[in-house]
Amino acid sequence: MTQTYEEHGGAGLPDAGAHPLDNPAYAALTGPHARFAERSGRVLRYPADVSPWLALPDDFTAGDWTDLAAFADSDGTVPVPGVSEDLPEGWEAVFDLPGVQFVDDGVDAAHDPEAVRLTEADVPEMLDLVARTEPGPFEARTIELGTYLGIRRDGVLAAMAGERLHPPGFTEISAVCTDPAYRGQGLAGRLVRAVAAGIRDRGETPFLHTSAANTNAIRLYEALGFRLRRTTRFRTARVPGGAQSSRAASL
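All values reported here derive from a predicted model rather than from experimental measurement.

**Looking at the overall build of the protein chain**
Step number 1: The helix and strand inventory of the protein chain stands at five helices and 12 strands.
Step number 2: Within the span of the protein chain, comprising 251 residues, buried residues form 49% of the whole.
Step number 3: Contacts in the protein chain between residues at least 24 apart in sequence constitute 74% of all its contacts with a sequence separation of at least 6.

**Remarks on the environment of Pro 113**
Step number 1: Take Pro 113: it is sitting in the loop between strand S5 (92-104) and strand S6 (116-117).
Step number 2: Of the residues examined, Pro 113 reaches a relative accessible area of 83% and is grouped as exposed.
Step number 3: With 38 residues separating them along the chain, Pro 113 and Ile 151 place their C-alpha atoms 9.6 Å apart.

**Regarding helix H4 (residues 187-201)**
An α-helix turns once per 3.6 residues; consequently, residues spaced three or four apart project the same way.
Step number 1: For H4, built from 15 residues, the straight-helix expectation of 21 Å at 1.5 Å per residue is met to within 8% by its first-to-last C-alpha distance of 21 Å.
Step number 2: For H4, the full list of buried residues reads Leu 187, Ala 188, Gly 189, Leu 191, Val 192, Ala 194, Val 195, Ala 196, Ala 197 and Ile 199.
Step number 3: On the buried face of H4, the contacting elements are strand S7 (148-153), strand S8 (156-163), strand S9 (170-178), strand S10 (205-211), helix H5 (215-224) and strand S11 (226-238).
Step number 4: At the C-terminal side of H4, Gly 203 shows a positive phi close to 80°.

**So, the pairing of S9**
Step number 1: S9 sits mainly inside the fold: nine of its nine residues count as buried.
Step number 2: Between the antiparallel neighbours S8 and S9 lie six residues, among them Gly 169 with a positive phi of about 85°.
Step number 3: Chirality of the crossover, the property in question, places the unit of S9, H4 and S10 among those that are right-handed.

**Comments concerning the pairing of S11**
Step number 1: Bridge count for strand S4 (residues 77-79) against S11 is three bridges, and the pairing is antiparallel. Bridge pairing in S11 places Val 78 opposite Ala 237.
Step number 2: Two elements, S5 and S11, share 12 bridges in a ladder whose sense is antiparallel. Across the sheet, residue Pro 98 finds its bridge partner in S11, namely Arg 233.

**As for the confidence of the model for the protein chain**
Step number 1: For the protein chain, the average pLDDT comes to 90, and 89% of its residues sit at 70 or higher.
Step number 2: Considering only residues more than four positions removed or in separate chains, one finds that residues 1-17, a stretch of pLDDT under 50, has 32 contacts.
Step number 3: Every residue in residues 243-251 is under pLDDT 50, and counting partners more than four places away or in other chains gives 24 contacts.

**So, H5**
Step number 1: Of the residues making up H5, those classed as buried are Ala 217, Ile 218, Tyr 221 and Leu 224. The arc enclosing the buried residues of H5, seen along the axis, measures out at 130°, which places them on a common side. Away from the buried face of H5 by more than 90 degrees, exposed residues Asn 216, Arg 219 and Ala 223 are located.
Step number 2: Those residues of H5 that are buried lie in contact with S5, S9, H4, S10 and S11.
Step number 3: Gly 225 lies just past H5 and shows a positive phi near 115°.

**Focus on the pattern of salt bridges**
Step number 1: For the structure on display, the rule yields 20 salt bridges.
Step number 2: Linking Arg 190 and Glu 114 is a salt bridge whose minimum nitrogen-to-oxygen distance equals 2.8 Å. One end of the pair, Arg 190, is in helix H4; the other, Glu 114, is in the loop between S5 and S6, with 76 residues separating them in the sequence.
Step number 3: Using a relative accessible area of 23% as the deciding quantity, one classes Arg 190 as partly exposed.

**A word on the packing of aromatic side chains**
Step number 1: Enumeration according to the criterion identifies eight aromatic pairs in this entry.
Step number 2: When the centroid spacing of 6.1 Å and the interplanar angle of 85° are considered together, the rings of Phe 60 and Trp 65 count as edge-to-face.
Step number 3: By relative accessible area, which is 4% here, Trp 65 ends up buried.
Step number 4: Taken together, Phe 60, Trp 65 and Trp 91 form an aromatic cluster joined through their ring pairs.

**A look at the side chain of Ser 40**
Step number 1: Within the secondary structure, Ser 40 is located in strand S1 (residues 38-40).
Step number 2: In contact with Ser 40, not counting residues within four places along its chain, are Asp 67, Ala 70 and Phe 71.

**Examining the environment of Glu 114**
Step number 1: For Glu 114, a relative accessible area of 28% gives the class partly exposed.
Step number 2: Residues Glu 114 and Gly 150, 36 residues apart in the sequence, show an inter-C-alpha distance of 8.3 Å.
Step number 3: Glu 114 has contacts with Gly 150, Ile 151, Arg 152, Arg 153 and Arg 190, leaving out every residue within four places of it along the chain.
Step number 4: In terms of polar contacts, Glu 114 uses its side chain to reach the side chain of Arg 153, at 2.8 Å.

What counts and what doesn't
- Residues numbered from 1 in each chain as written.
- Predicted model: local features only at pLDDT ≥ 70, side-chain atom pairs only at ≥ 80, totals over all residues.
- Heavy atoms only, no water.
- Helix = DSSP H or I, 4+ residues; strand = E, 2+ residues; numbered from the N terminus.
- Buried < 20%, exposed > 50% of the residue type's maximum accessible area, 1.4 Å probe, protein only.
- Contact = heavy atoms within 4.5 Å.
- Expected span 1.5 Å × (residues − 1).
- Pairing = 2+ DSSP bridges.
- Right-handed = clockwise from strand over helix to strand, strands pointing away.
- pLDDT = per-residue confidence, 0-100.
- Arc of directions from axis to C-beta.
- Salt bridge = Lys/Arg side-chain N within 4 Å of Asp/Glu carboxyl O.
- Phe/Tyr/Trp six-rings, centres within 6.5 Å; stacked < 30°, edge-to-face > 60°.
- Polar contact = N/O pair within 3.5 Å; in protein donor to acceptor, adjacent residues only side chain to side chain.

Here it is as structure tokens:
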């Protein structure tokens, strides 16, 4: 039986050996999403209007944290999602949310005749839905990362889901959300299955992240056939001295 984060006592479920999902943003930005990568030394990130994901190399050093500070916002903070290790001396966590990573373990993936592919013309409505439902970060250019599907009811975007991180052989399902007026109809589950079907069609494996405290989402993902792979953390940190951001070169 699949264990929830709470049942497992908050500990990750280890996989043997190095794996693209152990550092998915770095694997994506050095692989299928390399065209998006911005670099500061060995530290990589997506453009801010695409995604807040930033990635350290697996063998990061103190020097890499110095390079990471170049990506700080004007308030001296920088997102460090997926980095579970302790912050270096002088760094301060200003946001710290335990997270979980799930991977396809027999998902009943299926295309949905009611799901339509969303385009740049739909972005204002998508941003509005995200602002009202808070499924996680979705920016003006996030749609460029992959396929986003939506279900409309009475001309309204009732629910959506799509693709975000793309490490080799895997694609993350993200931005799963439903307008409160249309909840309870199973739309989120249908869209996750539909996005998963598109990922499977490419010969890739779906995975996803959510908050460890989001028991409703965890229950849905387990029911759909995802299994808990590992725990993670979603954090924002303030750099020592509140350093200002500097210009980073594109990869």
